[in-house]
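A structural walkthrough
Here are the chains, one letter per residue:
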Amino acid sequence: MICNDVALEGVELEAALAEALNTPTGTADIPAWTDTKVVGQRLPKIDAYERVSGTAVYPSDITLPGMLHAAVLRCPHGHARVKKLDASRAAKMPGVRAVLTPESPGADIPWYPGEKGYVSRLLDTHCRFAGDEIAAVAADTPYQAFDAVRAIVVEYEVLPNVVGLDAALAPNAPAVLDGPTNRAGDPRAQGRGDVAAGFAAAEVTVEGTYSTGTQLHVPIELHGAVVRWDGPKLVAWDSLQGVFPAQNTYARALALPLSNVRVIGHYMGGGFGSKLDTGKYGVIAALLAKQAARPVRLFMTREDTMRAIGNRPAVRMTVKLGAKKDGTLTAIDFSCTGSGGAYSAGGTGGVNWLPLDLYRCPNVNTVSTNVYIHAGPERPFRGPGHPQGAWALEQAMDTLAAKLGMDPVALRLKNVPDISQGRQDQARYTSTGLATCLTEGAKTFGWTEARARVPQAGPVRRGVGVAAGMWRGGGGSPPATIIVRLVADGTASVNMGASDIGNGTKTWAAMIVAEELGVPVDRIGIEHADTATTQYTGASGGSKTVPTEAPAIRAAAIEVKRQLLALAAADLKVDATALSIADGAVFVTADPSKRIVIRQFRPLAQRGVLVGVGVRGPDTHGMAVNPWGVHFAEVEVDTRTGLVRIQRYLAAQDSGKVMNRLTYDNQVIGAITMGQGLALTEDRIMDAAHTGRVLNANMHDYKVPTALDAVVAPVIVAVDPKDTTCNIAATKGLGEPATIPAAAAIANAVAHALGVRVVDAPISPQRVLDALAAPRTPAKGVRS
Amino acid sequence: MIPPFAYVRARSIDEAVALLARPESRPAAGATDLIGCLRDEVFTAKAVVSLGGIEAMTGIAETADGGLRIGALTSLTTIVKHALVAGRYPALAQAAASVASPQLRNQGTLGGNLCQRPRCWFFRGGYDCARKAGDTCYAMQGDNRYHCVFGGSTCLIVHPSDTATALTALDAIVSIAGPKGTRSVPIQQFFVLPEKDMTHENVLAPGELVTTISLPAPRAGLVSVYRKARARASWDFALAACAAAITIEQGKVTAARIVLGAAAPIPWRVEGAERMLIGRRLDEPTRARVAAAALNGATPLEHNAYKVAMLRGVVSEALGSIG
Ligand SMILES: Cc1cc2nc3c(=O)[nH]c(=O)nc-3n(C[C@H](O)[C@H](O)[C@H](O)COP(=O)(O)OP(=O)(O)OC[C@H]3O[C@@H](n4cnc5c(N)ncnc54)[C@H](O)[C@@H]3O)c2cc1C
């Protein structure tokens, strides 16, 4: 996950290293794709049938002979110390085979890294949020395990908890970690230029305060694993976005050599960042399995995932913008405060990136403050920090446009950057689709007409809004090593380490090989996401999978092609350069009647296999690769009930070359829906008055949009800048950038409809009605 | 996950009543709410008595006087699709159609919908609250954005049922069978406020069952409607709801029922507002006045002032769709 400076520098380092390495099958000599035949088509997922028919085996479907089922005891209090724990009755209950308590060997594995080392343990007696793990049981059936957990007697010393940002920063707030304050380190300042001078030079300024709610990932497949010991080796089927980071975590926690840990994650039912790595559940399962000498299945309950395994932190932000009368930005002053929960200092990770990088502006100041509270720790969530930053910045831009008397699209067009000002080296972007997304999007949406439409009378108001965004990652990076094999019957296979997180990775991998080798997509097999049989790559996160794997897959396929053509050239007694491949045959380009049908090609049959290894080459030195997007929304707001309905939606995305237009569109639709949830309905609500528990840790009180809420048939404009510099697949990431502007676009449309701005997400009916009831000032919350 | 319980299927109302006489026995109709309550430990059960096989409790029949008798076990989907319900009592059809999701409406019954337990997140969230015979209502200090604006006292729930609101506007009669025989109560007397009984939402005594719900024959000129505002378009309880049943003769209102949902611990009839309609045309000024009056006396809590505006909104929508 690329969401902080350190990681970004790491990426650059990687590139330098890869450049220094003399990789035999790198991508250096391969020209970037321009036109493609297979890649970019609209193809259903190659495993669609398996997925919908139930034959796809997800980690939660794994059953092994003798497998036990585990359940976890969690603290019901926001803050407590376990004074006494008695598991003796639980241990004797029918079917119970293993019990782990804070006293058990392994329970003291350090967990949650802080500034000065780990701050907690796998099973800790000091519980810092309602949901913190205390003990676990493995039994023959899930019911026995749950019953046994219930039979563990715990005496708690209930301590005062604090779950609000202000409350946590108050002078006498209960300490979450053992620091002098709940502030996680000093506020972090980042910026450039001279902001005071920038505002002095401004002819118009606007200032406002905004906030977002805490959003939960809610993947359909729960977090969990089935683990089995094979002598000294651990095998884990874990629902993950990346098997290699989890291999690392299992190895660290259990003090195992990496080579003795095998993690398999062929299918996974959604993660959105919360499954970049395994969690306590995996290690607890491994310890229980060791104790019982039996395989163990441990999947969290839905409620527990909503308490304990990640979120997009709520953030409070202030933005001040200064501009010339023509809309040229002169200064941005941005500050944000957020909490990563009890154990993470990452409450504002990524939030300041858009203020730093989205618009051309010489003077920018950002300050990020992180706070600890007694709540479940954050985990990266689809474009970490960016949708929150967009929520504030893009609403402020709208307010600025209004004050300037400028069209919101025109204001944004005025400030399109071509270098990445947020990066230390001020790198030039390989491509900036922002302007095209704005203009093409506006044209297709009918922006000017929709914006000019006179508001209708009556209780239901209509409005349109726009918001822009970019994603700080999305360029991909080494390492990735791909093996493509062509076998005797003319079929091929791709061996890759990456997980298919539902975005169609397996399908576009096959399409890339089909493009280069002329083997039909349905004749290409995929082996992937298994630390024992595939090669190292990072987790499928940060929208890096396409731009990381696609170039390596292409390089591997080209290598196989090179070998195949060499064999064919010898057989046909022509030069290899005179040959082409299409539809499962090699032929002389000038005389297609001279052809070899690959599956009948004797030399291939004799060799059995042609192997091509492709390595992800380094990124273009000194250049920034970023995807862009602009969203347009039309909403209807019922002023009687405060309900917002999205009537029309358009997303214009620049993610470079499209791999598969069908899965591309699916990504964008999912991303819009997730942004809609952030904008309108999703919000983790904690019991600040009493226990510090999550009050809505279930699927009806925590309101993910349903199929009836989701935008009907959004228009998706795929902007392709033909970026031949970013990588040889000419492509960038999509999954995250497509959600970044969504919530802000909806907020701007609501503000346009109402003439009053709701500055806090989610824009619940409650907030709409409260805003309408408040004394009318145009653009509420935004002072000028 | 759910502590063990015995499961028995009753074949008749009498058998069900007998089985339910045992301690901690709970009736199960569609069990869509029951399972959740057991799982969240809202209450416990030693035995679950399935009513599913009781023929006498299912189906919709027209009565001699032109009303309807609806068996408590009738599924919400059946009610939604029934021509007589949709034709004569559209408020009930609309309320049933607005419940939960298609799957839950296929499984959930009318009786179960009326007898479901409240959705208060403290009540459901493992808190030992007043409604569970504990000593505090956590919604008093805690987040009460979804709680009541009328009728709260020592407990601040709202009644969760959509159909209860509609049936109250339609003057339904609830028939009950129990150890002491059968009885019928007007639906308005079926639900009880916390000040009368803090731990029950209705008058059912232990071992009693709802067997049928009867609707009186619609008067000529009766128009009814149900409006529900909720955060999501499906699979969501009401934030505010209104059922209105208005009889209009020669252009003027001769009888009116206006009932608020998600407003109070019981379906909340606003008789003052109803009276304002009598003898009037349902024109825009009248509708606005009545919608405003419907919320007279509302006492919002710290986090739910919006509900007053929202309820006013659904009343005016409901009346607007009639007038
Ligand atoms: C996700 C979800 C969303 C929901 N959304 C809504 C909604 O939007 N609106 C709404 O109104 N409801 C909603 N419900 C609540 C409810 O489950 C359904 O509305 C359904 O109608 C209940 O009927 P049932 O037959 O399944 O009841 P059951 O679960 O069988 O019973 C509910 C309760 O009533 C008792 N009971 C059942 N039948 C009788 C009887 N004949 N006599 C006496 N007691 C009886 C049971 O013991 C139990 O305590 C929702 C439920 C869920 C799980």
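Residues numbered from 1 in each chain as written. Chains lettered and ligands numbered in written order. Predicted model: local features only at pLDDT ≥ 70, side-chain atom pairs only at ≥ 80, totals over all residues. Heavy atoms only, no water.

Residues and elements named next belong to chain A. This model, assessed by the stated rule, comprises 54 salt bridges over all chains. Across the pair Asp-665 and Arg-42 runs a salt bridge, and its minimum N-O distance is 2.8 Å. Here Asp-665 is found in helix 18 (residues 661-681), whereas its partner Arg-42 is found in the loop between helix 1 (5-20) and helix 2 (48-53), with 623 residues between them in sequence. Owing to a relative accessible area of 10%, Asp-665 belongs among the buried residues under this scheme. On the basis of relative accessible area, Arg-42 is assigned to the partly exposed category, the value being 47%. A salt bridge links Asp-638 to Arg-640; its shortest N-O distance comes to 3.2 Å. Residue class for Arg-640 comes out partly exposed when judged on its relative accessible area of 23%. Because the salt bridges share partners, they merge into one network encompassing Arg-74, Asp-132, Glu-133, Lys-280, Asp-304 and Arg-307. (Salt bridge = Lys/Arg side-chain N within 4 Å of Asp/Glu carboxyl O. Helix = DSSP H or I, 4+ residues; strand = E, 2+ residues; numbered from the N terminus. Buried < 20%, exposed > 50% of the residue type's maximum accessible area, 1.4 Å probe, protein only.)

This paragraph deals with the sheet that holds strand 12 (residues 268-269) of chain B. All names here are of chain B. If you walk across this open sheet you meet the four strands as 9-10-11-12, and the pairing is antiparallel. Lying at the two open borders of the sheet, with one neighbouring strand each, are strand 9 (222-229) and strand 12. With eight bridges connecting them, strand 9 and strand 10 (residues 240-249) associate as antiparallel partners. The residue bridging Ser-224 from the neighbouring strand is Ala-245, located in strand 10. Against the sheet, helix 9 (residues 162-169) engages strand 9, strand 10 and strand 11 (252-261), with an angle of about 155° to strand 11. Helix-sheet contacts for helix 13 (residues 306-322) involve strand 9, strand 10 and strand 11, and the interaxial angle to strand 10 is about 30°. (Pairing = 2+ DSSP bridges. Contact = heavy atoms within 4.5 Å. Axes fitted to C-alpha atoms, helices over the stretch in contact; angles between N-to-C directions.)

All names here are of chain A. For chain A, the domain assignment lists domain 1 (4-55 + 476-615), domain 2 (62-159 + 218-308) and domain 3 (315-474 + 623-773). For domain 1 and domain 2, the distance between their C-alpha centres works out to 38 Å. Counting residues at the interface gives 21 residues for domain 1, matched by 16 residues for domain 2. Taken together, both faces of the contact between domain 1 and domain 2 bury some 1,500 Å²; the carbon and sulfur share is 55%. Seen at the junction of domain 1 and domain 2, the total is one salt bridge. Grouping the constituent residues of the side of domain 1 that touches domain 2 by class yields five nonpolar, ten polar and six charged. (Domains from an automatic or database assignment. Buried area = accessible area lost by both parts, 1.4 Å probe. Nonpolar A, V, L, I, M, F, W, Y, C, P; charged D, E, K, R; others polar.)

Moving on to the packing of helix 11 (residues 386-404) of chain A against helix 19 (residues 742-754) of chain A. Residues and elements named next belong to chain A. Contact pair helix 11 / helix 19: the axes reach a minimum separation of 8 Å and the direction vectors enclose 35°. Considering the relative orientation of helix 11 and helix 19, their crossing is right-handed. Counting all contacts with helix 11, which are made through Ala-390, Trp-391, Glu-394, Gln-395 and Asp-398, the residues of helix 19 involved are Ala-743, Ala-744, Ala-747 and Asn-748. Grouping the amino acids of the contact of helix 11 with helix 19 by side-chain chemistry returns five nonpolar, two polar and two charged. (Left-handed = near helix turned anticlockwise from the far one by under 90°.)

For the ligand, the set of nearby residues contains 34 residues, the closest of which are Pro27(B), Gly30(B), Ala31(B), Thr32(B) and Asn113(B). In this structure the ligand sits where residues from chains A and B come together. Residue Thr109(B) places a side-chain N or O atom 2.7 Å away from an oxygen atom belonging to the ligand. Separating an oxygen atom of the ligand from a backbone N or O atom of Pro160(B) is a distance of 3.4 Å. (Near = heavy atom within 4 Å. Polar contact = N/O pair within 3.5 Å; in protein donor to acceptor, adjacent residues only side chain to side chain.)

Moving on to the packing of aromatic side chains. In this structure the tally under the stated criterion is 13 aromatic pairs over all chains. Look at Phe122(B) and Tyr127(B): their rings are 5.1 Å apart centre to centre, the planes differ by 85°, and that puts the pair in the edge-to-face class. According to the relative accessible area criterion, Tyr127(B) is buried, its value standing at 4%. Among the aromatic residues, those joined into a cluster by ring pairs are Tyr112(A), Phe129(A) and Tyr343(A). (Phe/Tyr/Trp six-rings, centres within 6.5 Å; stacked < 30°, edge-to-face > 60°.)

Taken residue by residue, the interface counts 35 residues in chain B and 34 residues in chain A. Between chain B and chain A the total buried area reaches about 2,900 Å² when both faces are included, carbon and sulfur atoms providing 59% of it. Per-residue buried area on chain B facing chain A is highest for Met1(B), Trp121(B) and Arg232(B); these three make up 24% of the total on that side. With a shortest N-O distance of 4.0 Å, Arg640(A) and Glu317(B) are connected by a salt bridge. Inspection of the region where chain B meets chain A yields eleven residue pairs in polar contact (both at pLDDT 80 or more). Counting residues per element, the side of chain B that touches chain A draws most heavily on helix 13 of chain B, which supplies seven residues. Among the residues forming the side of chain B that touches chain A, the class breakdown is 18 nonpolar, eight polar and nine charged.

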